Amino acid sequence: MSIRATNQADVIPLRPLPAVAPALPREPLWRDLVGEVLRRERQAQGRTLKDVAEAARISVPYLSEVERGLKEASSEVLAAAAQALGLNLADVLALAGERLVSLAAARSRPRSLGSSAVGGHRSVRSTGPAGSAGAMRPSGPMGGVLLAA
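Since this is a predicted model, take the numbers as computed values, not measurements.

Reading the values: the criteria
Residues numbered from 1 in each chain as written. Predicted model: local features only at pLDDT ≥ 70, side-chain atom pairs only at ≥ 80, totals over all residues. Heavy atoms only, no water. Helix = DSSP H or I, 4+ residues; strand = E, 2+ residues; numbered from the N terminus. Expected span 1.5 Å × (residues − 1). Buried < 20%, exposed > 50% of the residue type's maximum accessible area, 1.4 Å probe, protein only. Arc of directions from axis to C-beta. Contact = heavy atoms within 4.5 Å. Polar contact = N/O pair within 3.5 Å; in protein donor to acceptor, adjacent residues only side chain to side chain. Axes fitted to C-alpha atoms, helices over the stretch in contact; angles between N-to-C directions. Parallel < 35°, antiparallel > 145°, perpendicular 65-115°, else oblique. Nonpolar A, V, L, I, M, F, W, Y, C, P; charged D, E, K, R; others polar. Core = buried A, V, L, I, M, F, W, Y, C linked by side-chain atoms within 4.5 Å. Salt bridge = Lys/Arg side-chain N within 4 Å of Asp/Glu carboxyl O.

A. Structural context of helix H2 (residues 30-44). Taking 1.5 Å as the rise per residue, H2 with 15 residues should run 21 Å; its terminal C-alpha atoms sit 21 Å apart, in good agreement. Taken together, the buried positions of H2 are occupied by Leu33, Val34, Gly35, Val37, Leu38 and Arg42. Looking one or two residues past H2, glycine 46 carries a phi angle of roughly 70°, positive in sign.

As structure tokens, this is what we get:
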């Protein structure tokens, strides 16, 4: 038997491999969200990449890469693209922020059921009149009401 043949021998693990927990979807990147907003708005207006890129005075390939989340555009480029679409920079950023919030909520839903504190209530900091600053108050589906059994 050659050395190569012995190096290719089957290896039987002594213990079974641990089960891999399902991975959560990756955190969305800001450039992906902004690009998605720009593309969605451009398509809603029925405009081409070339048309918007010319109006914004940026190259077609660069705008395409921004829309696909491959390039992190500067604020000047984003403002120019937004203006070419009849928006302002605040509109684009607000739409991207809304999308980020909805994705974050969707990511946390499956985990939130099993990650609550003892008794099924989450603790939140309160600075309201009912407690001193930094006091811990329960929060939950009953709006902060604790039910005892």
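B. Representation of helix H4 (residues 60-67) in the model. Buried within H4 we find Leu63, Ser64, Val66 and Glu67. In a view along the axis of H4, the buried residues occupy a sector of 160°, so they form one face of it. Elements that come into contact with the buried residues of H4 comprise H2, helix H3 (49-56) and helix H5 (75-84). Between the side-chain oxygen at the start of H4 and the backbone nitrogen of tyrosine 62 there is a gap of 3.1 Å, and the oxygen is on serine 59. Count one or two residues on from H4 and you reach glycine 69, which has phi positive near 75°.

C. Geometry of the environment of arginine 107. Turning to its location among the elements, arginine 107 is positioned in helix H6 (residues 89-112). Spatially, the C-alpha atom of arginine 107 lies 8.6 Å from that of glutamate 27, the residues being 80 residues apart in sequence. Side-chain polar atoms of arginine 107 contact the side chain of glutamate 27, separated by 2.8 Å.

D. Broad picture of the packing of H3 against H4. For the pair H3 and H4, interaxial distance at closest approach is 9 Å and the crossing angle is 105°. Here H3 lies roughly perpendicular to H4, going by the angle between them. Here Leu49, Lys50, Val52 and Ala53 of H3 come into contact with H4, specifically with Val60, Leu63, Ser64 and Glu67. Across the contact of H3 with H4, the residue classes tally to 5 nonpolar, 1 polar and 2 charged.

E. Here's a closer look at the nonpolar core. Formed by 21 residues in total, the largest nonpolar core has its most connected members in Val34, Leu38, Ile58, Leu63, Leu78 and Val92. Residue contributions to this core peak at 5 residues, all from H5. With residues up to four places along the chain from it excluded, the contact list for leucine 38 reads Val66, Glu67, Leu78, Ala81, Leu85 and Val92.

F. Representation of the packing of H2 against H4 within the structure. As a packed pair, H2 and H4 sit with axes 7 Å apart at the nearest point and diverge in direction by 115°. Contact residues: Arg31, Gly35, Glu36, Leu38, Arg39 and Arg42 in H2; Ser64, Val66 and Glu67 in H4. Looking at the contact of H2 with H4, its residues break down into 2 nonpolar, 2 polar and 5 charged.

G. Summary view of the pattern of salt bridges. In the structure shown here, the tally under the stated rule is 8 salt bridges. With its nearest N and O atoms 2.8 Å apart, the salt bridge here joins glutamate 27 to arginine 107. With glutamate 27 in the loop between helix H1 (3-7) and H2 and arginine 107 in helix H6, this pair connects stretches of sequence that are 80 residues apart. Overall, glutamate 27 belongs to the partly exposed group, its relative accessible area being 44%. One salt bridge connects arginine 40 with glutamate 36, and the closest N-O pair in it is separated by 3.3 Å. With arginine 40 and glutamate 36 both in helix H2 and 4 residues apart, this pair spans about one turn of that helix. What emerges from the salt-bridge pattern is a single network uniting Glu36, Arg40 and Arg99.

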